[in-house]
There are 4 protein chains.
Amino acid sequence: MTPPDIIRSAYAELIVSDLDRSRWFWVEVLGFAVTSEQPDALYLRGFDELTHHNLILRTGPQPAVGRIAFRVRASADLAAAEAFYGARGLRAARIPAGSTPGVGEAVRVEDPLGFTVEFFADAAHPERLQQRYDLRRGAEVARLDHFNIVVPDVRAAHEYYQSLGFGLSETIEDDQTLYAAWMYRKQTVHDVAFTGGDGPRLHHLGFFAHESHQVLRICDILGSLRGEHHIERGPGRHGVSNAFYVYLRDPDGHRLEIYTSDYYTGDPDHPVLRWSVHDPRRRDFWGNAVIPSWYTEATTVLDLDGKPRPLLPEKQTAEVRVGADGFPGPAR
Amino acid sequence: MTPPDIIRSAYAELIVSDLDRSRWFWVEVLGFAVTSEQPDALYLRGFDELTHHNLILRTGPQPAVGRIAFRVRASADLAAAEAFYGARGLRAARIPAGSTPGVGEAVRVEDPLGFTVEFFADAAHPERLQQRYDLRRGAEVARLDHFNIVVPDVRAAHEYYQSLGFGLSETIEDDQTLYAAWMYRKQTVHDVAFTGGDGPRLHHLGFFAHESHQVLRICDILGSLRGEHHIERGPGRHGVSNAFYVYLRDPDGHRLEIYTSDYYTGDPDHPVLRWSVHDPRRRDFWGNAVIPSWYTEATTVLDLDGKPRPLLPEKQTAEVRVGADGFPGPAR
Amino acid sequence: MTPPDIIRSAYAELIVSDLDRSRWFWVEVLGFAVTSEQPDALYLRGFDELTHHNLILRTGPQPAVGRIAFRVRASADLAAAEAFYGARGLRAARIPAGSTPGVGEAVRVEDPLGFTVEFFADAAHPERLQQRYDLRRGAEVARLDHFNIVVPDVRAAHEYYQSLGFGLSETIEDDQTLYAAWMYRKQTVHDVAFTGGDGPRLHHLGFFAHESHQVLRICDILGSLRGEHHIERGPGRHGVSNAFYVYLRDPDGHRLEIYTSDYYTGDPDHPVLRWSVHDPRRRDFWGNAVIPSWYTEATTVLDLDGKPRPLLPEKQTAEVRVGADGFPGPAR
Amino acid sequence: MTPPDIIRSAYAELIVSDLDRSRWFWVEVLGFAVTSEQPDALYLRGFDELTHHNLILRTGPQPAVGRIAFRVRASADLAAAEAFYGARGLRAARIPAGSTPGVGEAVRVEDPLGFTVEFFADAAHPERLQQRYDLRRGAEVARLDHFNIVVPDVRAAHEYYQSLGFGLSETIEDDQTLYAAWMYRKQTVHDVAFTGGDGPRLHHLGFFAHESHQVLRICDILGSLRGEHHIERGPGRHGVSNAFYVYLRDPDGHRLEIYTSDYYTGDPDHPVLRWSVHDPRRRDFWGNAVIPSWYTEATTVLDLDGKPRPLLPEKQTAEVRVGADGFPGPAR
């Protein structure tokens, strides 16, 4: 069964409780560009994004992720997606073009990991903003980079995404357990990554910025606004991916990462980099301890009907129990 | 005769032809903070400046510099200034407190070089903006750093400022001629510098930014706005001062420099760094040629009565005739 | 006729006159990593490169480019290359594995534009250096990014590379003429670009660095060493590609670019950005004039027998005749 | 009684247990320049330092700080120092010129806080390295910025340094207690700062770097070398001073800070910035918790005879008991 030909992670829909508050955080502070808006929704993108949006913020009864969306190569991949998930007995729905502004016909599925995933091929191209330096604010985000999802069984998640044609760039592991994995379709370290834990939940959305001073700048701005509690972890250098990062929490607690650096993974024999779970540099190359909430808190997933997905407990040893950092206490 | 005890270069008044257009350039694009405004004037400062302003933009019949102002240690230094200039037969005027918003009583003089110079001791301290990263825009200017003035005789200018107690940090010279000199009161490379040419004219105002990416950013913003003609020279690394710079021209042609890096000069035996006029790195450490207009164009100076100062011709060999860069053609 | 499935620009061989002098420039100053060396050759790479090399420096009777090399997906693409070029009556040679250290079996051809081009699928993976920050020096180059070649007919070059499956990202043009074009296989702005002029010649090799301060740093280092004549143009922001750049000349006059920023081009409907030749921002987003030598000087190409290729005159209007910058004088 | 006219913090002598190991850390990794060396000592400086050294590393029986040294304006200030401390009944010793390489005649005292402090006026000026970018490595340190010392009574320390003519730039306080204070002679935020705790001990030496990417770079290098345990706290933005920082521990546990940004404090009416001890941004503007060891560990002080000073217990409420961060647990 041929999977849909996925190009890249494209956008996510987050359910938020107060759109004005979310607009303040994502638009005024972080500096995302608004492509369009509706009374109950904002469509946002980074300055390098050439399609309609990287993020939909939609009001709803409780914070959640409505869906994550991958762009596929062609319309034929929508039927491929229906067949691929149908053969596995999973629910799928065809979504007419125009249901989502800027997005053509789509297929939404409930995937084997419990996430609602959309596939679409056609996208609108609004005004190019790449060189509108005059409009850049805040973190000067360029584009969506990846989805990081919480799954009870990382090895199963890896196998499922491998069946979708994703390559593996890096792992955290020991002889018994695959604690985390990073997988890609586009030629970067990842489009999707897995964090072990009770799932399905969305761990974070990763957004790319071009230089490290942009990561520092958004922290400085949050400090100015007495919004330092929005900074959860970092800034720091990841061991995995070698990227410079900071993790923020939005007003509903949704986690995002501002992420810079990364590397090219497009060669067909791209070698996997495997990190020992005992290497204190795997999560932070400088050995700074991970903040406990980073391991434990995450965003509820909605099913195709918009109802919260029940959580399945983590099936494997928790990384924080065996790793060199994290709770109960920092390693240093 | 004891000179006034000068603390530092403090502010300049530029005469502009269209305050809206100047506001666009200095406030909206460059990102200066507005401390206060009047129908015909704007009072601007950088984010680290703790006194009222670094720059007054005032409308007038033709572009000019009204005055450059130094802060002095105490009120007694105003009388010292009157005596110092009076003994040289130069005009001086006592300006009552409040004549300039945020500035106490002042003395204005016509100095031996033909510039209108103000001395003041008392200054208002408006809201501290240093950590208002949320308000920073454009070049994120921190403070005024220096005045660069065009004088027909650089050696005479050096001797005059030496008599005011300024230290010498760097020069451009050969056996016959002092082509340029950098002098300081505060513990940086300069508060004032001299460029040889027909004078008196103001060559540029130098403003300090904290990091080089802020210099690059203002260039990117100007490109976005199709305002690339406001970029006259650079960015580049100065040989003299070791600072990273860009020179811009405002809508009236006034030149400013965004300047970062610099070094400490506070030791009493601070050694002078003397550059040969034949070293192609003196003006740009990377050997990039100076743009001809940078040597030839500058801002008219007003006298105490607000009338343009006539120009005296350059008394010395022009740097561009002997130097390794500049017109008629680049050195490479 | 199916072309070989090209993955990316991989490496170039430059013929140099003095290997010690070249080692000083490329290794000691620029900071390239040496994977291996022979009495007459050095094999160099950037810190993110996971295969054997991005650059071979080999001694020879006169400065030239021996070949540019693209990595292809699989061994079968070598036969595809032989067939593709054979059908066009062009010379091709099969090169046994091991002829070039770290590179498997290859096919070399004389392409329709007059360049010697190598295709290879298999590559050795030496020690991963991505996180060896302790070894980084100079420009901290990450990897090869692109080849820029001088061709007499840019439209013909575009059509040829289109037939090889390259996508088009940006152009410089007017109604009559295609002055320059940027084309890609990997998901960046380009693997190859065309500059109009007498050809075939190699205009430059483009190397990627992660941040702009690394571009500034190599200029500062060259200034320190009185090697400022190695800096030909820049640093600056490109209009085309939006990258921050500097062009350097090595001791033999070979041109290289240190290039940072870039953007993702992997979507199947990636839109072309077309720049008017009259936009002064196309070559430098800040409007700085291009240095004349940048348009006129380039590296001789060797044929399959190692003999210099004769030059064919430019078949189209020169960009500098119609563009807003360049000689005879800067545009400002 | 007139105090000596102190210009600035100049250098410190650290006693280390293994000079080779210290050379690896300070010279090979951090990149300090070596001005001169002896079998048992290294004399190091940053690239902007124009005098002989900012740091002496000397082997000795146990890790300690031998002295901290201030440069004074003139030779007459040595006698002023003898008189100033003699009048307080404190020990002072005249040290002949040449006893310390590159330093003229000096006076060493045991100050009221229990520190051994040296005053000197004359200093040798070795080769200027400011623009030797080719020699820069590691953190590319520019110069010493400040001493941070641990004292049992911060208010008493403040009063003593006030009597020495130091200005006050910032504090951490509440209605009852002065928890920390920053004081300056040169025109930066500080030459000396006080941390409450058992004392006398040296909390850290602060070294200035020009840009934030240099702070990130030294962390990356330490990660590469598996030396991440040398990174104690940060990187982060200070609330106090607004500087970007990282705290490192050398092989003997001596703490140093790489510090960038800072601001001008040279105006005679420079306003004090007072931080509430309850503001979670005072120690880290992004609200990141202080690492406990940062509050508790510090370097032993030697007296004039080279014997360790006994510790006096902290006389005031500990900042970590009332502040919003620190142990027993992070504030978030």
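The structure presented is a predicted model; accordingly, all values stated were derived computationally and were not measured.

A. Molecular detail of the overall build of chain A. Each helix and strand counted, chain A has 6 helices and 18 strands in total. For 332 residues, the compact-globule formula gives about 20 Å, and the C-alpha radius of gyration of chain A, at 19 Å, lands near that figure. For chain A, the spread of C-alpha atoms along the principal axes amounts to about 55 × 50 × 40 Å. Within the span of chain A, comprising 332 residues, buried residues form 61% of the whole. In chain A, the share of contacts with a sequence separation of at least 24, taken over all contacts with a separation of at least 6, comes to 69%.

B. Seen up close, the interface of chain C and chain A. Listed as interface residues are 24 residues of chain C and, on the opposing side, 24 residues of chain A. Among the residues making up the side of chain C that touches chain A, the classes are represented as 7 nonpolar, 9 polar and 8 charged.

C. Inspection of the interface of chain B and chain D at higher detail. With 24 residues of chain B at the contact, the number on the chain D side is 24 residues. A per-class count over the side of chain B that touches chain D returns 7 nonpolar, 9 polar and 8 charged.

D. How the structure looks around the relation of the copies chain B and chain D. Rotating chain B by 180° and translating it 0.0 Å along the rotation axis places it on chain D, where the RMSD comes to 0.0 Å. Classification of the inter-copy transformation places it as that of a two-fold axis. In terms of C-alpha distance to the rotation axis, chain B has Glu 211 of chain B as its closest residue, with the C-alpha 3.0 Å off the axis. A high fraction, 100%, of the interface residues of chain B reappear at the interface in chain D, so the copies pair face to face through one surface.

E. Here's a closer look at the environment of Tyr 11 of chain B. Residue and element names in this part refer to chain B. Note that Tyr 11 resides in strand β1 (residues 6-16). Note on Tyr 11: 28 C-beta atoms within 10 Å, which makes it buried. C-alpha of Tyr 11 to C-alpha of Ile 68: the two residues are 57 residues apart in sequence and 6.1 Å apart in space. Sequence-distant contacts of Tyr 11, that is, excluding residues within four places in its chain, are made with His 53, Asn 54, Leu 55, Ile 56, Ala 69 and Leu 144.

F. Spotlight on the domain arrangement of chain A. All names here are of chain A. Taken domain by domain, chain A comprises domain 1 (6-120) and domain 2 (139-302). On a C-alpha basis, the centroid separation for the pair domain 1 and domain 2 is 19 Å. Facing 34 residues of domain 1, the contacting portion of domain 2 comprises 36 residues. At the level of elements, β1 (6-16), α1 (19-29) and β5 (64-72) are the ones that each hand at least two residues to the side of domain 1 that touches domain 2. Residue contributions to the side of domain 1 that touches domain 2 peak at 9 residues, all from β1. Split into classes, the residues belonging to the side of domain 1 that touches domain 2 amount to 20 nonpolar, 9 polar and 5 charged.

G. Seen up close, the relation of the copies chain C and chain A. For the pair chain C and chain A, the best superposition has an RMSD of 0.0 Å and corresponds to a rotation of 180° with a translation of 0.0 Å parallel to the axis. Most of the interface of chain C is mirrored in chain A, where 100% of its interface residues again form contacts.

H. Region of interest: the sheet that holds strand β4 (residues 55-59) of chain B. Residues and elements named next belong to chain B. Spatial ordering of the open sheet is given by β2-β3-β4-β1-β5-β8-β7-β6, a layout of 8 strands whose pairing is mixed. Every other strand in the sheet has two partners, leaving β2 (33-38) and β6 (92-95) as the edge strands with one partner each. Strand-to-strand twist of the sheet, defined as the mean angle between neighbouring strand axes without regard to direction, takes the value 20°. In the sheet, β1 pairs with strand β5 (residues 64-72) via 8 bridges, with the strands oriented antiparallel. Bridging across to β5, Tyr 11 finds its partner in Ala 69.

I. Region of the structure containing helix α3 (residues 154-163) of chain A. All names here are of chain A. Among the residues making up α3, those that are buried are Val 154, Ala 157, His 158 and Tyr 161. The buried residues of α3 occupy an angular sector of 100° when projected down its axis, which confines them to one face. Contacts from the buried residues of α3 go to β9 (143-151), β10 (167-173), β11 (178-184) and β12 (192-196).

J. The arrangement of the pairing of strand β13 (residues 201-208) of chain D in detail. Residue and element names in this part refer to chain D. When you tally the buried positions in β13, you get 8 out of 8 residues, the bulk of the element. Note that strand β9 (residues 143-151) and β13 share 7 bridges and pair antiparallel. Each residue of the ladder has a partner; that of Arg 143, found in β13, is Phe 208. Both β13 and strand β18 (residues 299-300) contribute to a ladder of 2 bridges, which runs antiparallel. Each residue of the ladder has a partner; that of Leu 202, found in β18, is Thr 299. As paired elements, β13 and strand β16 (residues 255-260) share 4 bridges and run parallel to each other. Paired with Leu 205 across the two strands is Leu 256, which belongs to β16.

K. Examining the environment of Leu 205 of chain A more closely. Residue and element names in this part refer to chain A. For Leu 205, the location among the structural elements is in strand β13 (residues 201-208). You can call Leu 205 buried: it has 25 C-beta atoms within 10 Å. Spatially, the C-alpha atom of Leu 205 lies 9.5 Å from that of Val 192, the residues being 13 residues apart in sequence. Excluding anything up to four places from it in sequence, Leu 205 contacts Ala 12, Leu 144, Phe 147 and Leu 256.

L. Geometry of the sheet that holds strand β4 (residues 55-59) of chain D. Residues and elements named next belong to chain D. If you walk across this open sheet you meet the 8 strands as β2-β3-β4-β1-β5-β8-β7-β6, and the pairing is mixed. Edge positions in the open sheet fall to β2 (33-38) and β6 (92-95), since each of these has one partner strand only. Ignoring which end each strand starts from, the neighbouring axes of this sheet average 20° apart. Strands in contact with helix α2 (residues 76-86) are β5 (64-72), β6, β7 (106-110) and β8 (116-120); relative to β7, the strand with the most contacts, it is inclined by about 15°.

M. A look at helix α1 (residues 19-29) of chain B. Residue and element names in this part refer to chain B. Three or more residues of α1 are buried, namely Ser 22, Phe 25, Trp 26 and Val 29. Along the axis of α1, the buried positions cluster into a sector of 120°, meaning they face one direction only. Looking at the buried residues of α1, the elements they touch are β1, β3 (41-45), β4 and α4 (212-224). Of the residues flanking the end of α1, it is Gly 31, one or two places downstream, whose phi is positive at about 90°.

N. Local environment of the environment of Leu 135 of chain B. Residue and element names in this part refer to chain B. Considering the arrangement of structural elements, one finds Leu 135 in the loop between β8 (116-120) and β9 (143-151). Separated by 104 residues in the primary sequence, Leu 135 and Gly 31 have C-alpha atoms spaced 8.6 Å apart. The residues contacting Leu 135, other than those within four sequence positions of it, are Ala 33 and Leu 129.

O. Highlighting the pairing of strand β2 (residues 33-38) of chain C. Relative to strand β3 (residues 41-45) of chain C, β2 of chain C runs antiparallel, the two sharing 5 bridges. Counted as the bridge partner of Glu 37 of chain C is Leu 42 of chain C from β3 of chain C.

P. Here's a closer look at unusual backbone geometry. All names here are of chain A. Backbone torsion omega between Gly 199 and Pro 200 reads 10°, so that peptide bond is classified as cis. Inspection of the secondary structure assignment puts Pro 200 in the loop between β12 and β13. With a phi close to 85°, Ser 241 is a non-glycine residue in the positive phi region. Along the polypeptide, Ser 241 turns up in the loop between β14 (231-237) and β15 (244-249).

Q. View of the confidence of the model for chain A. All names here are of chain A. Per-residue confidence for chain A gives a mean pLDDT of 96, with 97% of residues at or over 70. In this model, residues 326-332 is a region of pLDDT below 50 whose contacts with residues beyond four sequence positions or in other chains number 15 contacts. If you check the scores for this complex, the pTM reads 0.97 and the ipTM reads 0.96.

What counts and how
- Residues numbered from 1 in each chain as written.
- Chains lettered and ligands numbered in written order.
- Predicted model: local features only at pLDDT ≥ 70, side-chain atom pairs only at ≥ 80, totals over all residues.
- Helix = DSSP H or I, 4+ residues; strand = E, 2+ residues; numbered from the N terminus.
- Rg over C-alpha atoms; globule rule 2.2 N^0.38 Å.
- Buried ≥ 20, exposed ≤ 12 C-beta atoms within 10 Å, placed from the backbone.
- Contact = placed C-beta atoms within 7 Å.
- Nonpolar A, V, L, I, M, F, W, Y, C, P; charged D, E, K, R; others polar.
- Least-squares fit on C-alpha atoms with pLDDT ≥ 70 in both.
- Domains from an automatic or database assignment.
- Pairing = 2+ DSSP bridges.
- Axes fitted to C-alpha atoms, helices over the stretch in contact; angles between N-to-C directions.
- Arc of directions from axis to C-beta.
- pLDDT = per-residue confidence, 0-100.

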